[in-house]
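Survey of secondary and tertiary structure
Below, each chain spelled out in residue letters.
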Amino acid sequence: MKHSSIWQAWSNHLCPRPTQAHQKRMTNVDENPFAALLQQGTKSDDVSHKLVEEVLLFTLNKARSADGTNLLCLSDVVVDTSDESLGEDLVAHALFERLMLNETAQYSAGKASAEALELRAICYLHGAFARCERIQAVQKVNCSTIIALILNNASTCMRQPDLFAPQSFASQWLELFEQADEHDTSTLEFLVRVACKVVEEDEPIEALGALKSIFYPLLTELQKLIVKENLVTIKKNIFWILGFFVRDKRAAVLGELLIDYTTPNPKAKGGDYMDTLLGNLLCISILPKTQGAKYEFFQQISLNQSDPALWAVLARHRDSIFQLVKQLLVVSPETKKKTLQWLANCLDANLSRGHLWSSINLNLEQTVHSTASDAFMTNLSAVLTRLCTPLCQPSLKVLLVDPTYCAVEDKDRLAKGVSLLKAHDETCLLPTQEGEERLTAEKYNFVTEIFFMTHKCFELANRPCLERLSRAMRELQNTQTAYEELVSSDPNNELTKNLFRTLLEQMQQVLSIKNALSEPTNDSDVLKFFEASAIWLTEVAMLPREIYEQCVDKRDFSPQILRNLELLSDTPPFVAPYMKSVPESIIDNIATYLNFCRRLNSDLYIHLYFSAHDAFFKMILLFMGSSDLVKNPHLRAKLAEALEFLLPTQILGSNRQAFNTRVFENHPDRQKVVRSLLNVFVSIEMTGQSVQFEQKFNYRRPMYAIMEFLWTKPEHVQNFRNLATEAEESMEAIEPPIFLRFINLLINDAIFLLDESLSNLEQIKQLQLAQANGEWNSLSHNDRLQQVTNLQHLGMLARFDNILGRDTINILKLLTTEIKSIFCHNSMVDRIAAMLNYFLLHLVGPKKERFKVKDKKEFDFDPAETVLEICRIYINLSTDDSFCLAVSQDGRSYSDQLFDYAENILIRIGGGQLIGDMSEFAEKVKRMGLQYKEEQELLADAPEEYLDPIISTLMTDPVVLPSSKVTVDRSTIARHLLSDQTDPFNREPLTMDKVKSNEALKQEIQQWIEGKRNEARSKS
């Protein structure tokens, strides 16, 4: 028999096993060779016969079976003995024979328990092990010998399962795991001791292979169950069962087995990770398991609905996955390495989720199958964020994160402990020169690994999902508008019903995505992680030079401690070279999260967690205003939008309630906010890149909101004043002062926006008239649709321009209430005067009817308010004679009637005090205009060389441009250089410090003017 040969291999001193017929007749040593085991005398490792009966549930004493015991009697199979102690070898043989029985009932006196009759080897041995542990604990009996025998036999089962065919050890283990509960420690101990025994008796590779042959089928069955479940139906014991593989470090081989089982082939696509065991768990969410599948939840819906019960289930599910992954990371170094590699490979396989086309063309066949779903990725992001808990407050281990992680090239990756693939290719805050070698550390710790992995996962998981949410909300809004129009005219129309079904589906999608992303437990985890990230960014950016030099010596660049240095200037005095290795995505993720918060009106954790406000505020001020820390102006503009979220006021276009924060009043670095904001405002214009105008103004809109709020705080108003004073003192600096460039751009923006708005409104009026007059009735159906589309598009553009134009004019009004002289500087005054005149003329002049459209509110067109704002700017600057003169000399729009038109409108709209103020201003402008006209007539015949070649006016301060050698007026070139720092005649680079005063020509012009005046006086 097979089992006899195995037994012989264990105990080569035993005789071959006799047949059962012989056994029945053998009652002494001469007749039964196994009886020799009884003649070896009592040894220290002998086992009590009674203990064998209590643990193994069989006896070798035939007399006991006659007593009606509930045990099996194996005296006929092994040997009949009434000895109180049995030799270890005899017990070992008896146990082996017991396991090999194909039928047990024949060895029972009829009263044997189910445990005694158990035929399944692993279940029987587990029961024996559990009984042994109980006896050992209660009776304080030494059971080490019998436990060793149990484990030896269990190891044999695992290593040579064919001996026990057709038994399925996978199903037996699964049953044991399912039956165990939190109070049952014996199942885990048995599993651990068996696994250790297998490893002890085989080479590591063979041992792992043996365990895999048993447990892989178990995991496959488990996976089949998981695939069928959703967030509500998934059974809790799934994670309980998987936990057996990772709960005990002694059996680390089981954790290795589990991660090996859930690892796809090395060339797997992103979507293939969803088909793994861990992937199946990650796919279970509020969102559909696969992209493009139907949404399961929120079928009965209202727009503001959330489901706390569903949130709780999702939080528990994510926490269970987190506990499993965490145990995989701690159970052994090998399992940790393989788990990190799984995460790294999964992120690498899903890189295309971060590409724009993936977000736009979501439902394309290839996209759906090549990358993992939103459900999978957002759950993975939640798990990684939980792993980052030690990095957050209060322990703040984020300060151990090394900023040079993404500088490591692929060839050095494994040697330095970098798991993340293609980290070297990340776009970083500062660019590197071609061929430049970036600093790297000697080795990277786990904290650094998990920090960068979590940010990468958020970038690939949450950011595309947020983009889809934004698009879905826009589509829902459009569908709602269309449905409301249809239902009011024909509610029973089939198209109306179809549109209602579409509306329900879109609402379900929006609510599902929104609830998946805003689950409260994960929201607080994300917030704390981003708070820690903001602190880390600030610390690495502000690291003092002397500390950095110590880091170079140690080859470890982590901040180590919290220094919390004050922001003393726009840019830290020292910018460490490792900033070239910090990925843009870290700042982008934080900004994305804050911008997501503004879309929700739910009680997000950020409303309560005040320390995060300080961390975000400081990080935003530092990076938003400094191109020496962030080269990408678009990223800095995104930080301005994030800063808007921290305003303690309602935000236009946001569902967020008023925000309770004091950072603008109490933060120690708050005085830097104005300069930082103006820096980023100007940088959007000065990118040197092709920035779409609408994109630029989307960036500007939150900046206007912040400025408007800052203007309510006296200390911030003073900071605006200080910058204006600084600008006036530095008008001819190499680089134009920030405030001068800022107001120049404000004027540019106002001109463009109001001009575009009026142009679009004029076209809208023409289309509305054509529609009202019935001109569209003669058009074909397609042509009519085209006209409707044109009208809607023009309306959208006009609304966009009106809102931003109004904001721009409002900022100019606020600034001019406190700051006047710089607007009246000779490089600026003509532009602002011409702008105000131009728009006032269009809004109050004879042609104002061209812009009188139906439904002005629909386009956010409020000409009365715009006229009031423009008039307030006039009055703000009216005390300056140069401004009044500039208004009068605007040949394009100014006439003596301009302010008469304005007065009529002001009376009609209730201008109040403004009416009188404007009347006085108009008189002053007229008077100064007449005086200037007389003088200009006097100087009308100026020689050509005295005239500015750009604007053809008499120069008062001529300067020579260094490269083209052309002479122009200082004010003309200064105004030009605000927007374009090149020579206008040959496009060579140019700054104000390079121009040379032409003193000889200046004196010659002054003498000519004086001569003309003397001549006029003598005539008079």
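Remember, predicted model here, so these are calculated numbers, not experimental data. (Residues numbered from 1 in each chain as written. Predicted model: local features only at pLDDT ≥ 70, side-chain atom pairs only at ≥ 80, totals over all residues. Heavy atoms only, no water.)

Let us look at the sheet that holds strand E5 (residues 958–960). An order of E6-E5-E7 is seen for the three strands of this open sheet, with the pairing classed as antiparallel. The sheet is open, and its two edges are formed by strand E6 (967–969) and strand E7 (996–997), each paired on a single side. Here E5 runs beside E7; their pairing, made up of two bridges, is antiparallel. Considered in E7, the bridge of valine 960 is made with lysine 996. Across the sheet, helix H38 (residues 970–979) touches E5, E6 and E7, and the angle it forms with E6 is around 85 degrees. (Pairing = 2+ DSSP bridges. Helix = DSSP H or I, 4+ residues; strand = E, 2+ residues; numbered from the N terminus. Contact = heavy atoms within 4.5 Å. Axes fitted to C-alpha atoms, helices over the stretch in contact; angles between N-to-C directions.)

Direction vectors running N to C along helix H20 (residues 446–489) and helix H24 (residues 584–597) enclose 40 degrees, while the axes themselves pass 10 Å from each other. Here H20 lies oblique to H24, going by the angle between them. Seen from above, H20 lies across H24 with left-handed handedness. Contact with H20, carried on its side by Phe451, Phe452, His455, Phe458, Glu459, Arg463, Leu466 and Leu469, involves Ser585, Ile586, Asp588, Asn589, Thr592, Tyr593 and Phe596 of H24 and no other residues of that element. (Parallel < 35°, antiparallel > 145°, perpendicular 65-115°, else oblique. Left-handed = near helix turned anticlockwise from the far one by under 90°.)

Trp173, Phe623 and Phe739 are the most contacted members of the largest nonpolar core, which has 316 residues in total. Per element, the largest residue contribution to this core is 16 residues, and it comes from helix H31 (residues 738–772). With residues up to four places along the chain from it excluded, the contact list for phenylalanine 623 reads Leu429, Leu537, Thr538, Ala541, Met579, Ile587, Leu629, Val630, Arg636 and Leu639. (Core = buried A, V, L, I, M, F, W, Y, C linked by side-chain atoms within 4.5 Å. Buried < 20%, exposed > 50% of the residue type's maximum accessible area, 1.4 Å probe, protein only.)

Our next topic: the pattern of salt bridges. When charged atoms on two side chains of opposite charge get close, those side chains can pair. Applying the stated criterion to the full structure yields 46 salt bridges. Lysine 338 is the salt-bridge partner of aspartate 260, the closest N and O atoms lying 3.0 Å from each other. Of this pair, aspartate 260 sits in helix H13 (residues 252–261) while lysine 338 sits in helix H16 (residues 333–349); the two residues are 78 residues apart in sequence, bridging distant segments of the chain. Take lysine 338: its relative accessible area is 22%, and that puts it in the partly exposed class. Across the pair glutamate 436 and lysine 580 runs a salt bridge whose closest N-O atoms are separated by 2.8 Å. Of the two residues, glutamate 436 sits in the loop between helix H19 (374–387) and H20 while lysine 580 sits in the loop between helix H23 (545–554) and H24, which places them 144 residues apart along the sequence. Taking relative accessible area as the criterion, glutamate 436 reaches 33% and is therefore assigned partly exposed. Judged by its relative accessible area of 23%, lysine 580 is partly exposed. Members of the salt-bridge network, linked through shared partners, are Arg159, Lys197, Glu200 and Glu201. (Salt bridge = Lys/Arg side-chain N within 4 Å of Asp/Glu carboxyl O.)

What follows is about the packing of helix H15 (residues 308–330) against H19. The interhelical angle for the contact between H15 and H19, taken along N-to-C directions, is 60 degrees, at an axis separation of 9 Å. Between H15 and H19, the angle falls in the class oblique. Crossing geometry of H15 relative to H19 is assigned as right-handed. Judged by residue contacts, Leu314, Ala315, His317, Arg318, Asp319, Ile321, Phe322, Val325, Lys326 and Leu329 of H15 engage Thr378, Asn379, Ala382, Val383, Arg386 and Leu387 from H19.

Here we take up a nonpolar patch on the surface. There is a patch of nonpolar side chains on the surface, built from Ile950, Ile951 and Phe985 and spanning about 240 Å² of accessible area. Mapped onto the elements, isoleucine 951 comes out in the loop between helix H37 (913–938) and E5. Residue isoleucine 951 is classed as partly exposed on the basis of its relative accessible area, which comes to 38%. (Patch = residues over 30% accessible without salt bridge, like charges linked within 9 Å, V, L, I, M, F, W, Y side chains within 5 Å. Areas by Shrake-Rupley, 256 points an atom, 1.4 Å probe, with all protein chains shown as cover.)

Turning to the side chain of threonine 104, a few remarks are in order. Positionally, threonine 104 belongs in the loop between helix H5 (88–100) and helix H6 (114–117). Accessibility expressed as a relative area gives 4% for threonine 104, which makes it buried. Filtering out sequence-adjacent residues up to four positions away, threonine 104 remains in contact with Leu72, Arg98, Leu117, Glu118 and Leu119.

Enumeration according to the criterion identifies zero disulfides in this entry. The closest cysteine sulfur to the non-disulfide-bonded cysteine 346 is located on cysteine 457, 7.3 Å from its own sulfur. Cysteine 428 supplies the cysteine sulfur nearest to cysteine 406, a cysteine that is in no disulfide, at a spacing of 5.7 Å. (Disulfide = S-S within 2.5 Å.)

Before going further, it helps to examine the packing of aromatic side chains. As enumerated under the stated definition, the model contains 39 aromatic pairs in all. Where phenylalanine 681 meets tyrosine 704, the ring centres are 5.9 Å apart and the plane angle is 55 degrees; that geometry is what we call tilted. Note that phenylalanine 681 is positioned in helix H28 (residues 673–685) and tyrosine 704 in helix H29 (residues 693–710), a separation of 23 residues in sequence. Judged on exposure class, the residue phenylalanine 681 and its partner tyrosine 704 are both buried. Each ring, one from tyrosine 946 and one from tryptophan 1008, has its centre 5.8 Å from the other, and the planes form 70 degrees; the classification is edge-to-face. Taken together, the residues tyrosine 946 in the loop between H37 and E5 and tryptophan 1008 in helix H39 (residues 999–1019) connect sequence positions 62 residues apart. On the basis of relative accessible area, tyrosine 946 is assigned to the buried category, the value being 5%. (Phe/Tyr/Trp six-rings, centres within 6.5 Å; stacked < 30°, edge-to-face > 60°.)

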